[in-house]
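Descriptive analysis of the structure
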Amino acid sequence: MAEKQHDNKYDTSKKTRRTFIGGQALLEGVMMRGASSVAMAVRAPDGEIELHTERLKKHSKVAKIPLVRGVVAFVSSLAVGMSSLLKSAEVSTPTEETPSKMSTAIAVVIGVVLAIGLFIAAPWFVGWSIKKWTTFDNVAVISLIEGGTRLLIFIAYLALVRLLSDIKRTFMYHGAEHRTINCFERGLPLTVQNVQSCSTKHNRCGTTFLFFVVIFAIMIYALLNWVFTLFEGYEYLFENFFFTLMIRLLLLPIIAGLSYELLRGLAMLPDNKFTNALRAPGLALQKLSTCIPDDDMAEVAIVAFNAVLELDAEPNKPTIDFYERNFASERKKLAEKLKDNPQDADWIYCDVLGVSRAELGGVTNIKIGLVKKANEYADRLLAGEPLDYVLGNSEFCGIKLKVDNRVLIPRFETEILANLAVETIGDDSSAVLDLCTGSGCIAAVIAKSTNAVITAADISDDALEVAKENLKGKKVNIVKSDMFENINGKFDLIVSNPPYVRSSDIDGLAPQVTAQPRIALDGGDDGLEFYRIIAKRAPEFLNEHGTLMTEIGFDQADDVKKLFKKLGKCEVVKDLDGKDRIVVCRTK
């Protein structure tokens, strides 16, 4: 009884808004059609609501002529409806094979033939049989029997297909479509609760339209039967099945046009006894073509309806396909998710979309798979994984390098060291040693910008594997060496970013730092362990007038300068924050 009360609550006199948005039930979804757009919302197997929107082509002025517009609207609705059904099947049943265009066309033709046979040929055959095999020859009564048969077939068809479980679910979505439109026209906010309080009947329903088609067919075909009696001597022609069928088919556009005009007119007219009487049979038949929807179905219908409202109101709003999302909305949601570092959302989307940050503003829609990938990246960030590891790459001096948890992530401060090395080398074919090369970032910049002969060394097999990928195709000799242990020859420049974090300080660093290889961070008790080795061994490997430059911790400049004083004159270069960052020594 509670569900029936929903239908009784709907009172057309309470309408505060009028809309000519119509709709159609789909497979696990609803299609809404507005003045200039169409939206399809379908519940996917994973429970998500997938949305597809598109713009409608403008009709010509001819399509606005009364009667003609009804035919145009009917054909257009059939085309859009069939297309919408097929698209909804791609979402609702993704594991099933989508019919080809040829098989779809064949199915449509078969459907049309069956419809003609069931609703036009069969009723005519009943009347013809009575006249042919009995002595009864009253045209009015035979026309009445033929019309009654047509109406009974129509009602029986709706009643029978309603018994099929899949069709019943479609009729439930039909009810959700009606309730949503009614809710809007009553001036209520489009919430599931408000929608579910409205009627499953509507004055502009396609079921009512088909009922009017049946009624007009009864009247016009009855008139046709009477006209046939006026042609004495030609009875044999009018009793010919194919000739009669052709005439009736030719009259279908007129029948459809009249039905459309009546449906449109009744929808625009206010409630009174006359209009209510004309609407009553069609509304009664809607009890067969609509069922009470559940809340999930109402939610789907609301999504489709709101999408059409927005598209009709905003001519420049981009359309969207199934399994796509509005990029601006997803970008905002990801930034909110990464509220402590919201800018990381842009870097994530740059990576998953393969665009630069400047190009993000031109992205309108994004596939749901990429949205999920971006959110997976965000989850890894929130768990403490560094952004560069999540993306699998790092920008360093304009070079995109591969990085992962096998190597230290190149820092902006190290770019200062790399650029200073390039500046020192200049145009010479210098011999350069990149000690503790890690990802090979410094060697990559030197190789790109100079003619230097480069040796890159590191003790870590993991780091050297990454360095080989980043230095592939470049003239760099890669050596496994514990500092200078396996190094041969002399060099004009030794450049190094050695581990320099104090052992006791490492565990207190941010998770994004401690996630990086400890071997690349740990500089011993005082952080100076590797600078001592460099100070001791570097003179053996530097040419006369050679240069040594190393990155340091912000508070290590004085200590490192003392260690390097035997090498020659040392100077300190600051980073952009004004902190000591590089020590440069030139041999005496």
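A brief report on the enclosed structure follows.

Scoring rules and cut-offs
- Residues numbered from 1 in each chain as written.
- Predicted model: local features only at pLDDT ≥ 70, side-chain atom pairs only at ≥ 80, totals over all residues.
- Heavy atoms only, no water.
- Salt bridge = Lys/Arg side-chain N within 4 Å of Asp/Glu carboxyl O.
- Helix = DSSP H or I, 4+ residues; strand = E, 2+ residues; numbered from the N terminus.
- Buried < 20%, exposed > 50% of the residue type's maximum accessible area, 1.4 Å probe, protein only.
- Patch = residues over 30% accessible without salt bridge, like charges linked within 9 Å, V, L, I, M, F, W, Y side chains within 5 Å.
- Areas by Shrake-Rupley, 256 points an atom, 1.4 Å probe, with all protein chains shown as cover.
- Core = buried A, V, L, I, M, F, W, Y, C linked by side-chain atoms within 4.5 Å.
- Contact = heavy atoms within 4.5 Å.
- Phe/Tyr/Trp six-rings, centres within 6.5 Å; stacked < 30°, edge-to-face > 60°.
- Expected span 1.5 Å × (residues − 1).
- Disulfide = S-S within 2.5 Å.
- Pairing = 2+ DSSP bridges.
- Axes fitted to C-alpha atoms, helices over the stretch in contact; angles between N-to-C directions.
- Parallel < 35°, antiparallel > 145°, perpendicular 65-115°, else oblique.
- Left-handed = near helix turned anticlockwise from the far one by under 90°.
- Nonpolar A, V, L, I, M, F, W, Y, C, P; charged D, E, K, R; others polar.

Before going further, it helps to spend a moment on the pattern of salt bridges. Any two side chains of opposite charge can pair, given that their charged atoms come close. This model, assessed by the stated rule, comprises 28 salt bridges. Residue K337 is joined to D379 by a salt bridge in which the shortest nitrogen-to-oxygen separation is 2.8 Å. In this pair, K337 sits in helix α12 (residues 327–337) while D379 sits in helix α14 (residues 368–382), placing the two residues 42 residues apart along the sequence. Given the relative accessible area of 42%, D379 is considered partly exposed. In this structure, D575 and R581 form a salt bridge, with 3.2 Å as the shortest nitrogen-oxygen distance. In this structure, D575 and R581 share a single accessibility class: buried. Sharing partners across several salt bridges, the network here consists of R43, D296 and E299.

Side chains of L223, W226, L230 and F231 sit close together on the surface and give an oily, nonpolar patch of about 440 Å² of accessible area. Here W226 lies in helix α7 (residues 206–229). By relative accessible area, which is 47% here, W226 ends up partly exposed.

Counting 30 residues, the largest nonpolar core has M32, A41, L51, Y173, L190, V195 and F305 as its most contacted members. Sorting the residues of this core by element identifies β2 (29–33), β3 (37–43), β4 (49–55), α5 (165–185) and α11 (295–313) as the ones contributing at least two each. The dominant element in this core, judged by the number of residues it contributes, is α11, at nine residues. Ignoring any residue separated from it by four or fewer positions in sequence, one finds Y173 in contact with A25, L26, E28, G29, V30, R43, M297 and V300.

Enumeration according to the criterion identifies five aromatic pairs in this entry. Centre to centre, the rings of F184 and F305 are 5.0 Å apart; their planes meet at 50°, and the pair counts as tilted. Of this pair, F184 sits in helix α5 while F305 sits in helix α11, and the two are 121 residues apart along the sequence. Here F184 and F305 have matching classes, each one buried. Arranged with centres 4.9 Å apart and planes meeting at 15°, the rings of F484 and F541 form a pair that is stacked. In this pair, F484 sits in the loop between β11 (476–480) and β12 (491–496) while F541 sits in helix α21 (residues 529–541), placing the two residues 57 residues apart along the sequence. Residue F484 shares its accessibility class with F541, and that shared class is buried.

The next thing to look at is α14. Here α14 spans 21 Å end to end across 15 residues, near enough to the 21 Å set by a 1.5 Å rise per residue. Burial in α14 covers these residues: I368, V371, A374, Y377, A378 and L381. After α14 finishes, the residue G384 shows a positive phi value of roughly 105°.

Now for the state of the cysteines. Counting across every chain of the model gives one disulfide. Cysteine C198 shares no disulfide, and the gap to the nearest cysteine sulfur, in C183, comes to 4.4 Å. Of the cysteine sulfurs around C291, a residue in no disulfide, the closest is that of C205, at 12 Å.

Pairing of strand β14 (residues 568–574) with strand β15 (residues 580–587) involves seven bridges; the strand directions are antiparallel. The residue bridging K574 from the neighbouring strand is D580, located in β15. Connecting the antiparallel pair β14 and β15 is a turn made up of five residues, with G578 showing a positive phi of about 80°.

Glancing now at the pairing of strand β7 (residues 393–396). By the bridge criterion, four bridges tie β7 to strand β8 (residues 399–402) in an arrangement that is antiparallel. What sits directly across from N393, in β8, is K402. Where β7 hands over to β8, the hairpin turn is made up of two residues, of which C397 adopts a positive phi near 55°.

Before going further, it helps to spend a moment on the side chain of N497. Within the fold, N497 resides in the loop between β12 and α19 (503–506). When residues no more than four places from it in sequence are discounted, the contact partners of N497 are L408, T414, L417, L435, C436, I442 and E551.

On to the sheet that holds β2. With antiparallel pairing, the four strands of this open sheet are ordered in space as β1-β2-β3-β4. Looking at strand neighbours, the two that pair on one side only are β1 (22–26) and β4, the edges of this open sheet. For this sheet, the mean inter-axis angle between neighbouring strands, taken without regard to orientation, is 15°. The pairing of β2 with β3 spans five bridges and is classified as antiparallel. The residue of β3 that forms the bridge with M31 is M40.

So, on to the environment of V445. Mapped onto the fold, V445 is located in helix α17 (residues 441–449). Considered as a pair, V445 and I399 are 46 residues apart in the sequence and their alpha carbons are 7.6 Å apart.

Attention now goes to the packing of helix α4 (residues 139–161) against α7. The description of two packed helices rests on the angle between their axes and on the distance between the axes. Two elements in contact, α4 and α7, have axes whose closest approach is 9 Å; the angle formed by their N-to-C orientations is 160°. Judged by the inter-axis angle, α4 sits roughly antiparallel to α7. Pair α4 / α7 crosses with right-handed handedness. Of α7, the residues touching α4 (which contributes V139, S143, E146, G147, R150, L151, F154 and L158) are T207, L210, F211, V214, A217, I218, Y221, A222, N225, W226 and T229. Broken down by class, the residue content of the contact of α4 with α7 amounts to twelve nonpolar, five polar and two charged.

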